[in-house]
Amino acid sequence: TIASVSETWEVPESIHHSLVKQDLEHNMGYKWFGGGRPKVTENGEWTQGGGHAILVNIAHMDANKIKEIVVPEPLSGRLSSVVWIKAVPKVKCNISILIIVGIYFKPNHKIKSMLNDHLAMNFHYLKSKYNPVNFLFLGDFNEFSPNLLLLQASSLRQLVHYPTCFPGGSSIDLIVTNIGGHY
């Protein structure tokens, strides 16, 4: 089981975050892969915004962050975040390796081309490293269009075709994958 949580407003140093993460990991069996956006205000207080978390049920999958992928600073900090995870099912099934990419893209942000390049380059790198491999790109895309990501392979599909943000009715929480039949 995999879950994506958008707008986590994660502040890793907070006691509330620690308690939620501890409950998810120890009582519910999920491993937390977070991409929060904490920042410090002018008076030195912690605030936060946006962010995402990918939760992987460790009873069903072995999962770890892919450490050899370096996420550039604008995509790993206060502005946006990308987390790359490799998951391997513990039971035999038609998925041997699953690459999960959690994305939070800040609204009105000007690094769309950097995110496109980062996703495409690492998609092809991991596709050549692991064969066969399946991909799951998900999260809070805001104004980031996955069109260039979809052009990387004919098997990739965007699965969310309904509003996920109200008011306004826009689709910002998206899922792009080559295993849409499992959704």
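Keep in mind it's a predicted model, so treat the numbers as computed, not measured.

A. Quick peek at the overall build of the protein. Regarding its fold elements, the protein presents 3 helices and 11 strands. The N-to-C order of helical and strand elements in the protein reads β-α-β-β-β-β-β-β-β-α-β-α-β-β. For the protein, buried positions account for 44% of its 183 residues. Counted over contacts in the protein with a minimum sequence separation of 6, partners at least 24 positions apart contribute 64%. Only carbon and sulfur atoms are counted for the fraction: they give 56% of the accessible area of the protein, which is about 9,900 Å².

B. Fine view of the nonpolar core. Of all hydrophobic cores here, the largest spans 43 residues; its most connected members are Trp-84, Ile-99, Leu-119 and Phe-137. Among the elements that line this core, the one with the most residues is strand E8 (residues 98-105), at 6 residues. Setting aside its immediate chain neighbours within four residues, Leu-119 contacts Val-82, Trp-84, Val-101, Ile-103, Phe-137, Phe-144 and Leu-149. In this structure, Leu-24, Tyr-30, Trp-32 and Ala-53 belong to the second largest nonpolar core, which totals 5 residues.

C. Inspection of the environment of Val-56 at higher detail. Within the secondary structure layout, Val-56 lies in strand E5 (residues 52-57). Sequence separation between Val-56 and Ile-85 is 29 residues, and the spatial gap between their C-alpha atoms is 9.6 Å.

D. The sheet that holds E8, seen in detail. Spatially, E6-E7-E8-E9-E11-E10 is the arrangement adopted by the 6 strands of the open sheet, whose pairing is mixed. In the strand order of this sheet, the two ends are held by strand E6 (61-65) and strand E10 (157-158), each with one partner. Each of strand E7 (80-89), E8 and strand E9 (134-140) is contacted by helix H2 (residues 112-129), which is oriented at about 15° to E7, the strand it contacts most.

E. Region of interest: the pairing of strand E11 (residues 173-177). Of all 5 residues making up E11, 4 are buried, and the element is well covered by its neighbours. Inspection of the sheet shows E9 paired to E11 by 5 bridges, in the antiparallel sense. Its bridge partner lying in E11, Gly-139 is registered against Leu-174.

F. A look at unusual backbone geometry. Across the junction of Asn-131 and Pro-132, the peptide omega takes the value 5°, indicating a cis bond. Topologically, Pro-132 is positioned in the loop between H2 and E9. With a phi close to 50°, Asn-142 is a non-glycine residue in the positive phi region. Within the element layout of this structure, Asn-142 appears in the loop between E9 and helix H3 (147-150).

G. Summary view of the environment of Gln-152. With respect to the helices and strands, the residue Gln-152 is situated in the loop between H3 and E10. Along the primary structure Gln-152 and Leu-119 are separated by 33 residues, whereas in three dimensions their C-alpha atoms are 9.4 Å apart. Those residues within four positions of Gln-152 in sequence are excluded, and the remaining contacts are Ala-120, Phe-123 and His-124. A distance of 2.9 Å separates the side chain of Gln-152 from the backbone oxygen of Leu-148, its partner in a polar contact.

Parameters at a glance
Residues numbered from 1 in each chain as written. Predicted model: local features only at pLDDT ≥ 70, side-chain atom pairs only at ≥ 80, totals over all residues. Heavy atoms only, no water. Helix = DSSP H or I, 4+ residues; strand = E, 2+ residues; numbered from the N terminus. Buried < 20%, exposed > 50% of the residue type's maximum accessible area, 1.4 Å probe, protein only. Contact = heavy atoms within 4.5 Å. Areas by Shrake-Rupley, 256 points an atom, 1.4 Å probe, with all protein chains shown as cover. Core = buried A, V, L, I, M, F, W, Y, C linked by side-chain atoms within 4.5 Å. Pairing = 2+ DSSP bridges. Axes fitted to C-alpha atoms, helices over the stretch in contact; angles between N-to-C directions. Polar contact = N/O pair within 3.5 Å; in protein donor to acceptor, adjacent residues only side chain to side chain.

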